[in-house]
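Residues per chain, in single letters:
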Amino acid sequence: MSTADPAEPALSEFVARRPSATAPVAPRSRICRARPRRVTRSGLAAAVAVVAVLAAVAVSSPVAAQSGDDRSDEVRIVARRLADARLEFGLQQRDAGDSWGERMLPTQRFFPADAAVDRWLRSSPLTVRVAASGDEDAVDVAVRIVARKVADGRVEFGLRKVQSDGTLSGTLLPRSRFFPTDAAVGRWLQSTPVSVTTTRPASAAPTTPTAPEPAPEPAARYTGVAAGYAHACAIGSEGSVVCWGDNSAGQASPPPGRFSAVTAGAWYSCALRTDGAIACWGESDAVAETPTSGQFEAVAAGSSHACAVRTGQTLTCWGNNDDGQADAPGGQFAAVGGGNFHSCALSTGGTITCWGTDPHGIFGQLDAPSGQFTTLSVGNAHSCALQADGTAACWGSNDTGETDLPSAQFSAVAAGASHTCAIRTSGTIACTGWNSDGQADPPAGQFSAVAAGGRLSCGLGTDSGIRCWGLDVAGPWGGQFTAIDAGDAHLCGLGADGTVSCAGAAGLFGQSEVPEGRFIAVAAGDRHSCGVRADGSIACWGSTAYGLLNAPTGEFNTIAAGGWHTCALRSNGTATCWGSGRYGELSPPPGAFSALAVGWWHVCGLRSDASIACWGSNSEAQTAAPEGNFQAIAAGRSHSCALRSDGTVTCWGSNRYGQTDAPSGEFTDITVNDWHSCALRTDGTVTCWGNNPDEDFGQADAPEDRFTAVTAGRGFTCGLHEDGTARCWGRSPWTAIPSGAEFASGRPA
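Predicted model, so just to flag it, every value in this text is computed and none were measured.

Visitor: Sorry if this is basic, but what is going on with the overall build of the protein here?
Guide: What the protein contains, in helices and strands, is 2 helices and 58 strands. A total of 749 residues make up the protein; the buried ones form 59% of that total. For the protein, contacts bridging at least 24 residues in sequence account for 49% of all contacts bridging at least 6.

Structure, rendered in structure tokens:
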């Protein structure tokens, strides 16, 4: 809570006029940066800067705000523009003396300057105290501020009440609620008042749960799930491991093989092979010191150390041991868990032992309760266990309420970095604690297992599917496709039924949030995606920069997306382009084309006579197309490649990484991205060349498989397998792109 600045200028009201657009129901997306936690990386404490930003939420139908005679329940939204163009907002409550109290600032209170139009975002909760009146006692009302950018650049604000069951009420819209585009930097403005005790009329639309939309339901089934700080992993029903989310340290690039269990640490993951051996990947002391011999029955990952139960119920730990967290005690144990500076284990007799360090002497994470327990889960600085009757006991740090599980009977419990989730005996999930990204807002449904990480949580549904909430990382993604296209950090696929699915960096700009409908073509760019609908019209989604979503009208049959612009072919074969055009990318030559390839700042088109014409930037001769007859083209950052009529490949433009050194042979498809190129041979195998830093990506290390098409993203490549699934290798700099049933992401063995 922040006290109002006595020197601030007189407040002005928000603009009252409301645009005609109605509030859409938007999928939930997370764009919050990390709150600082004491987690270690390579044995060192890493601090993450706090930048609290609004998180997207589905908003139900607006409700007209009303006010009664008692005005102590009234609040108003206050907001100001910051120097970096973000908006900071909060609440003020009217007190009994009819004056406005001090400004209350939610933890998540910054509206980003580049927010998508009509995408509702929400703050973290604030508590408003409504005074006693007559026979009614005083009551605390939890509210969230919601906001969206409208087409003219203003920001519309409203309120939603957090109801007793955790869902959100309808949206309360003040009369004056639009923050103007020309507001002075640093000057606080206010809305007109709204009453927080106003109830939603019965005729209004039903409320929308606070839980985020789940990740796309996978085609495959799963038997287990684990969540790390910003990534997650799951065990497929056939025993393979699939991971998704942050892959900056390789923690989402599992090795091949069959496994029976998986666990996730801060920047690494481990899994138990079916033969009892342990495999770990990512960046951690625990990865470097993974046991190479012995058989194990269970494994658990801490921040930078890991522990396992050997066959015979003895313990072993490895990795960072600066605080004694890897000094496993003797005895017989059934389960073990690792935290930041400590570890705990459940003995075969049901008692709990903890070891390591409480560095501050105040958390109490080593103070395991007495009694007998059946399950154990260890978080950063707290732990939870279940007794035989299903009641939970938690101990250790509670600075965000992470040990405050509700009174209930549970069948499973998972302690995360600073939050906890548990499955009630009814199959529903309850979470408590740190909720920066919605990781403590579980979805409705029935679950058999749950995993709590740092900024996300995941559950294994009773239908064997995975659902995640919190930090918006793409979940397990697969299906049968007829075409795929890779963008900068996401992948889109066109299904045989005309539906489009995208996976990858959805939370960044919405480029993976596909609108409803049937399509005949799809294209993935840098921060946006587009598709040609069945009626020939174009729909685009993602970043609004440079007018990327301002698709032209008319009838089209194919489309291609690049870094900052998009081009499409009309039914008569002429090309139309939109977006950024600083180098002439939006000025195609006249004439008819049969195919287009869009790079970062240039475009190449395959004419109907099989010749190539290129336009846009020619800084490295990327538009200097060779003569001849061609059947396919591809454009990257500053180079281009084409497939000649005889099946050979030729490339031109920048060759700083050997990306234009095309191999010999006969090919049927060609693709390029920033600094690497790939082509599909006539036998269905993929060959790649160009930049391929093995220690980082492996985007040019194509697996020995058979494909029908290939597409290159930044730092990763995906192929359309002959079975119709998408399979990827390498990794994106922002998020791992999940692939199909086999999930071959990561450098193949």
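Visitor: Explanation requested: the pattern of salt bridges in the structure shown.
Guide: Pairs can form between side chains of opposite charge whenever their charged atoms are close. Taken as a whole and assessed by the stated rule, the structure comprises 14 salt bridges. One salt bridge connects Glu-88 with Arg-109, and the closest N-O pair in it is separated by 2.8 Å. Residue Glu-88 is located in strand E7 (residues 87-93), and its partner Arg-109 is located in the loop between E7 and strand E8 (110-111); the two are separated by 21 residues in the primary sequence. Assessed through its relative accessible area of 5%, Glu-88 is described here as buried. Each of the salt bridges in this network shares a partner with another, and the network as a whole consists of Asp-488, Arg-637, Asp-674 and Arg-714.

Visitor: Looking at this structure, I do not really get the sheet that holds strand E37 (residues 466-470). What am I missing?
Guide: In sheet architecture, strand pairing relies on hydrogen bonds along the backbone and comes in two forms, parallel and antiparallel. If you trace the 3 strands from one edge of the open sheet to the other, you get E35-E36-E37, paired in antiparallel fashion. Two strands lie at the open edges of the sheet, namely strand E35 (447-452) and E37, each paired on one side alone. Across this sheet, the average inter-strand angle for adjacent strands is 20 degrees, counted without regard to direction. Pairing geometry for E35 and strand E36 (residues 456-461), over 5 bridges, is antiparallel. Note that in E36 the partner of Ala-451 across the bridge is Cys-458.

Visitor: Please explain the pairing of strand E43 (residues 538-542) as it appears in this structure.
Guide: Consecutive side chains of a regular strand alternate in pointing toward one face of the sheet and then the other. Counting buried residues along E43, 5 of its 5 residues qualify, which places the element largely inside the surrounding structure. Burial along E43 is two-sided: Ile-538, Cys-540 and Gly-542 facing one way and Ala-539 and Trp-541 facing the other are all buried. Here 5 bridges tie strand E42 (residues 528-533) to E43, and the two strands are oriented antiparallel to one another. Residue pairing for E43: Ser-529 is matched across the bridge by Trp-541.

Visitor: Explain the sheet that holds strand E44 (residues 556-561) here, please?
Guide: Taking strand neighbours across the sheet as the criterion, the 3 strands line up as E44-E45-E46 in an open arrangement whose pairing is antiparallel. Looking at strand neighbours, the two that pair on one side only are E44 and strand E46 (575-579), the edges of this open sheet. Across the sheet, the mean angle separating the axes of adjacent strands is 20 degrees when strand polarity is ignored. Of the pairings in the sheet, the one linking E44 to strand E45 (residues 565-570) comprises 5 bridges and is antiparallel in character. Considered in E45, the bridge of Ala-560 is made with Cys-567.

Visitor: Is there a simple way to explain the state of the cysteines in this structure?
Guide: Here is the idea: a disulfide is a covalent bond, and it sits between the sulfur atoms of two cysteines. With the rule as written, the count across this model stands at 14 disulfides. Through a disulfide, Cys-344 is tied to Cys-354; the S-S separation comes to 2.0 Å. Taking the torsion about the S-S bond as the criterion, the Cys-344 to Cys-354 disulfide, at about 105 degrees, is right-handed. Within this pair, whereas Cys-344 is found in strand E27 (residues 342-347), its partner Cys-354 is found in strand E28 (residues 352-356), the two being separated by 10 residues in sequence. On the basis of relative accessible area, Cys-344 is assigned to the buried category, the value being 0%. One disulfide in the model links Cys-530 with Cys-540; its S-S distance is 2.1 Å. In this structure, the disulfide formed by Cys-530 and Cys-540 twists by about 110 degrees around the S-S bond and is classed as right-handed. One end of the pair, Cys-530, is in strand E42; the other, Cys-540, is in strand E43, with 10 residues separating them in the sequence. Per residue, the accessibility class of Cys-530 equals that of Cys-540, and both read buried.

Visitor: Even after reading the chapter, I still don't get the nonpolar core, so can you show me in this structure?
Guide: In globular proteins that are soluble, nonpolar side chains generally tend to be buried together. Core analysis: the biggest nonpolar cluster contains 26 residues, and Leu-91, Phe-111, Val-143, Phe-157, Leu-159, Phe-179 and Val-196 have the highest contact counts within it. For this core, the secondary structure elements donating two or more residues are strand E6 (74-81), E7, strand E10 (126-130), strand E11 (139-149) and strand E12 (155-162). Here this core takes 4 residues from E11, the largest share from any one element. Judged by nonpolar contacts, the second largest core, of 16 residues, contains Ala-232, Val-242, Trp-244 and Leu-460.

Visitor: How do you make sense of the confidence of the model for the protein when you look at a structure like this?
Guide: The predicted coordinates should not be examined in detail at positions where pLDDT is low. For the protein, the mean per-residue pLDDT works out to 81, and 81% of the residues sit at or above 70. Per-residue pLDDT stays below 50 along residues 1-11; that stretch engages in 20 contacts with residues further than four places along the chain or on separate chains. Note on residues 17-71: pLDDT under 50 across the span, and 181 contacts to partners over four residues away in sequence or across chains.

Visitor: Would you mind going over the side chain of Ser-347 with me for this structure?
Guide: The residue Ser-347 is located in strand E27 in this model. Overall, the relative accessible area of 12% leaves Ser-347 in the buried class. If we skip the residues at most four places from it in the chain, Ser-347 touches Gln-332, Phe-333 and Ala-334.

Visitor: Can you walk me through the packing of aromatic side chains in this structure?
Guide: One pair of aromatic rings is described through two measures. These are the centre distance and the angle between the planes. Applying the stated criterion across every chain yields a total of 10 aromatic pairs. Centroid distance Phe-593 to Trp-615: 5.8 Å. Interplanar angle 55 degrees. Geometry classified as tilted. Here Phe-593 is found in strand E47 (residues 593-598), whereas its partner Trp-615 is found in strand E49 (residues 612-616), with 22 residues between them in sequence. You'll find Phe-593 and Trp-615 in the same group, each marked buried. With centroids separated by 5.6 Å and ring planes inclined at 45 degrees, the aromatic side chains of Trp-600 and Trp-601 adopt a geometry described as tilted. A relative accessible area of 11% places Trp-600 in the buried class.

Visitor: Teacher, can you tell me more about the environment of Phe-363 here?
Guide: Here Phe-363 lies in the loop between E28 and strand E29 (375-378). Note: C-alpha distance between Phe-363 and Ala-381 (18 residues apart in sequence) is 6.9 Å. Not counting chain neighbours up to four residues away, the residues in contact with Phe-363 comprise Asp-358, Ala-381, Gly-396 and Ser-397.

Visitor: What exactly am I supposed to notice about the pairing of strand E33 (residues 419-424) here?
Guide: The element E33 is extensively covered by neighbouring structure, given that 5 of its 6 residues are classed as buried. Where strand E32 (residues 410-415) and E33 come together, 5 bridges link them in antiparallel fashion. Each residue of the ladder has a partner; that of Ala-414, found in E33, is Cys-421. Hairpin connection of E32 to E33: 3 residues between the antiparallel strands.

Visitor: Explain the environment of Ala-634 here, please?
Guide: Checked against the element boundaries, Ala-634 lands in strand E50 (residues 630-635). Along the chain, Ala-634 and Gly-599 lie 35 residues apart, while their C-alpha atoms are 8.0 Å from each other. With residues up to four places along the chain from it excluded, the contact list for Ala-634 reads Ala-597, Ser-640, Cys-641, Ile-670, Thr-671 and Val-672.

Visitor: Please explain unusual backbone geometry as it appears in this structure.
Guide: Of all residues except glycine, most have a negative phi; of all peptide bonds, most are trans. Despite not being glycine, Tyr-546 has its phi angle at roughly 60 degrees, a positive value. Within the secondary structure layout, Tyr-546 lies in the loop between E43 and E44. Tyr-546 gets classed as partly exposed once you look at its relative accessible area, which sits at 45%. Phi at Ala-610 is positive, roughly 75 degrees, even though this residue is not glycine. Assignment of secondary structure puts Ala-610 in the loop between strand E48 (602-607) and E49. Given a relative accessible area of 17%, Ala-610 falls into the buried group.

Visitor: Explanation requested: the environment of His-305 in the structure shown.
Guide: Turning to its location among the elements, His-305 is positioned in strand E24 (residues 305-310). Given a relative accessible area of 0%, His-305 falls into the buried group. In this structure the C-alpha to C-alpha distance between His-305 and Ala-286, which are 19 residues apart in sequence, comes to 4.8 Å. Sequence-distant contacts of His-305, that is, excluding residues within four places in its chain, are made with Tyr-268, Ala-286, Trp-318, Gly-319, Asn-320, Gln-325, Ala-326, Gly-338, Gly-339, Asn-340, His-342 and Ser-343.

Quick notes on the rules
- Residues numbered from 1 in each chain as written.
- Predicted model: local features only at pLDDT ≥ 70, side-chain atom pairs only at ≥ 80, totals over all residues.
- Heavy atoms only, no water.
- Helix = DSSP H or I, 4+ residues; strand = E, 2+ residues; numbered from the N terminus.
- Buried < 20%, exposed > 50% of the residue type's maximum accessible area, 1.4 Å probe, protein only.
- Contact = heavy atoms within 4.5 Å.
- Salt bridge = Lys/Arg side-chain N within 4 Å of Asp/Glu carboxyl O.
- Pairing = 2+ DSSP bridges.
- Axes fitted to C-alpha atoms, helices over the stretch in contact; angles between N-to-C directions.
- Disulfide = S-S within 2.5 Å.
- Core = buried A, V, L, I, M, F, W, Y, C linked by side-chain atoms within 4.5 Å.
- pLDDT = per-residue confidence, 0-100.
- Phe/Tyr/Trp six-rings, centres within 6.5 Å; stacked < 30°, edge-to-face > 60°.

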